[in-house]
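# Per-entry structural report
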Amino acid sequence: MTTNNDIKIVTLGNTSVGKSSFIIKYIENKFTYNYIATLGLDFKQKKIKLKDGKDVRLRIFDTAGQERFRSVSVSFIKKADGVILIYDITNRETFDSIGEWIKNIREIGKELLPVVLVGNKCDLPEEERKVTLIEGKEKAEQFKIPFFETSCKDGINIKEAFDKIVEEITTKSNWSPNGEIKTLKKGNNNGKKCC
Ligand code: GDP
Ligand code: MG
């Protein structure tokens, strides 16, 4: 019998926000300033235990945010069980694109597809910041999704963001281990905030 205990997570957002860095920090606990080119085809995996003791495998797919790769993003969103949507707190344009990303995710993704919003690079000096913490929180509240400010460099809130998306997927979406029938819970995150 084939079993399917895989949880498929995709990182999305504009170029250079830190999508590849986010995955590498989580899986390998490494960080580099050298630009990591992404073709939008790479994925990494990690075995984790759910709160109820079940073993699952996270398959985390990296994408490239460039316009010419949008079609790649579409196929990833279709297959995803959850999305980590990232902007760079020192780059206003990446934050201004969040609404459009969410629109695409809602149009293309599965019903009740969980999304966690991430404002990355919070290690950088305050004078480089272009998006306030409040603005990030308000954006997340607008779309009723959890929100974290993170740093791939210092390892801040990376595990927390992954734990949150896994929790959202296993408790609120229609994902279920081994294809078990699951009763759907309506509503995303019940309007709760996580930070
Ligand atoms: P991607 O295009 O979204 O995959 O972005 P990358 O992961 O390639 O990161 C783009 C650049 O930002 C690289 O030079 C990274 O080293 C840098 N970067 C990523 N995350 C952080 C972070 O949390 N803090 C700082 N200071 N730089 C970061
Ligand atoms: Mg990349």
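That block above? That's the structure.
These lines cover the structure that appears in this document, whether it is placed above or below. Throughout this document, residue positions are counted from 1 along each chain, in the order its sequence is written. The order in which chains are written sets their letters, starting at A; the order in which ligands are written sets their numbers, starting at 1. With the structure being a predicted model, the display of local features is reserved for residues of pLDDT at least 70 and the display and counting of side-chain atom pairs for 80 or more, all residues being used for whole-chain, interface and lining totals. Working from all heavy atoms in the structure, the side-chain values ignore hydrogens and water.

### Describing the packing of aromatic side chains
- Aromatic contacts are taken between Phe, Tyr and Trp rings whose centres are within 6.5 Å, Trp giving its six-membered ring; a plane angle under 30 degrees counts as stacked, one over 60 as edge-to-face, and the others as tilted. Within the structure shown, the criterion is met by seven aromatic pairs.
- Where Tyr-26 meets Phe-162, the ring centres are 3.9 Å apart and the plane angle is 15 degrees; that geometry is what we call stacked. Residue Tyr-26 is found in helix α1 (residues 19-28), and its partner Phe-162 is found in helix α6 (residues 158-172); the two are separated by 136 residues along the sequence. Each member of the pair, Tyr-26 as well as Phe-162, is classed as buried.
- Every member of this aromatic cluster is reached through a ring pair, and the members are Phe-22, Tyr-26 and Phe-162.
- Above the plane of the ring of Tyr-26 lies Lys-46, whose end atom (NZ or CZ) is 4.8 Å from the centre.
- It is Lys-139 that lies over the ring of Phe-95; its NZ or CZ is 5.0 Å from the centre. Numbering of helices and strands starts at the N terminus; helices are DSSP runs of H or I of at least 4 residues and strands are runs of E of at least 2. Only protein chains enter the accessibility calculation, which uses a 1.4 Å probe; a residue whose area is less than 20% of its type maximum is buried, one above 50% is exposed, and one in between is partly exposed. Working rule: Lys NZ or Arg CZ, within 6 Å of ring centre, within 35 degrees of ring normal, means a charge sits over the ring.

### As for the pairing of strand β3 (residues 55-61)
- Inspection of the sheet shows strand β1 (residues 6-12) paired to β3 by five bridges, in the parallel sense. Directly across from Asp-6, in β3, lies its bridge partner Arg-57.
- Where strand β2 (residues 43-49) folds back on β3, the antiparallel hairpin that results is connected by five residues, among which Gly-53 adopts a positive phi of roughly 90 degrees. Whether two strands pair comes down to DSSP finding at least two bridges between them.

### Regarding unusual backbone geometry
- Positive phi, close to 55 degrees, is recorded for Lys-144, a residue that is not glycine.
- Tracing the chain through its elements places Lys-144 in the loop between α5 (133-142) and β6 (147-149).
- Of note, Asn-157 is a non-glycine position whose phi angle comes to about 60 degrees, a positive value.
- Here Asn-157 lies in the loop between β6 and α6.
- Residue classification places Asn-157 among the partly exposed positions, given a relative accessible area of 22%.

### Concerning the packing of α1 against α6
- Running from N to C, α1 and α6 cross one another at 95 degrees; their axes reach a closest spacing of 10 Å. Of the possible angle classes, the one that applies to α1 and α6 is roughly perpendicular. Contact residues: α1 offers Phe-22, Lys-25 and Tyr-26, while α6 offers Ile-158, Lys-159, Ala-161 and Phe-162. Comment: axis = line fitted to C-alpha atoms, over the contacting stretch for helices; angle = value between 0 and 180 degrees taken between N-to-C directions. Each angle is binned into one of four classes, with values under 35 degrees roughly parallel, values over 145 roughly antiparallel, values of 65 to 115 roughly perpendicular, and all other values oblique. Residue contacts follow a heavy-atom distance rule, with two residues in contact if any of their heavy atoms lie within 4.5 Å.

### Notes on the sheet that holds strand β4 (residues 82-88)
- A sheet is described by the order of its strands in space; here six strands give the open sequence β2-β3-β1-β4-β5-β6, paired in mixed fashion. Each end of this open sheet is capped by a strand with a single partner; those strands are β2 and β6. Adjacent strand axes in the sheet meet at a mean angle of 25 degrees when their direction is disregarded.
- Inspection of the sheet shows β1 paired to β4 by four bridges, in the parallel sense. Bridge pairing in β4 links Val-10 to Val-83.
- Each of β1, β2, β3, β4 and β5 (115-120) is contacted by α1, which is oriented at about 40 degrees to β2, the strand it contacts most.

### Notes on the site of ligand 1
- Within the structure, ligand 1 sits among 20 residues, and Ser-21, Thr-32, Tyr-33, Asp-123 and Cys-152 are positioned closest to it.
- We define a polar contact as two N or O atoms separated by no more than 3.5 Å, with the added condition that, inside protein, one atom must be a possible hydrogen donor and the other a possible acceptor, whereas residues neighbouring each other in sequence contribute only through side-chain atom pairs. At 2.7 Å, a backbone N or O of Cys-152 approaches an oxygen atom of ligand 1.
- Within the backbone of Lys-153, an N or O atom sits 3.4 Å from an oxygen atom of ligand 1.
- Per-residue and other accessible areas follow the Shrake-Rupley method at a 1.4 Å probe size, with only the shown protein chains counted as cover for residues. Computed on the free molecule, ligand 1 has an accessible area of 580 Å², of which 93% lies beneath the protein chains in the complex.
- Counting residues per element, the shell around ligand 1 draws most heavily on α1, at three residues.
- Residues are grouped as follows: nonpolar covers Ala, Val, Leu, Ile, Met, Phe, Trp, Tyr, Cys and Pro; charged covers Asp, Glu, Lys and Arg; every other residue, Gly included, is treated as polar. Residue classes in the shell around ligand 1 are distributed as seven nonpolar, nine polar and four charged. For this purpose, a residue is taken to be near a molecule or strand whenever a single non-hydrogen atom of the residue falls within 4 Å of it.

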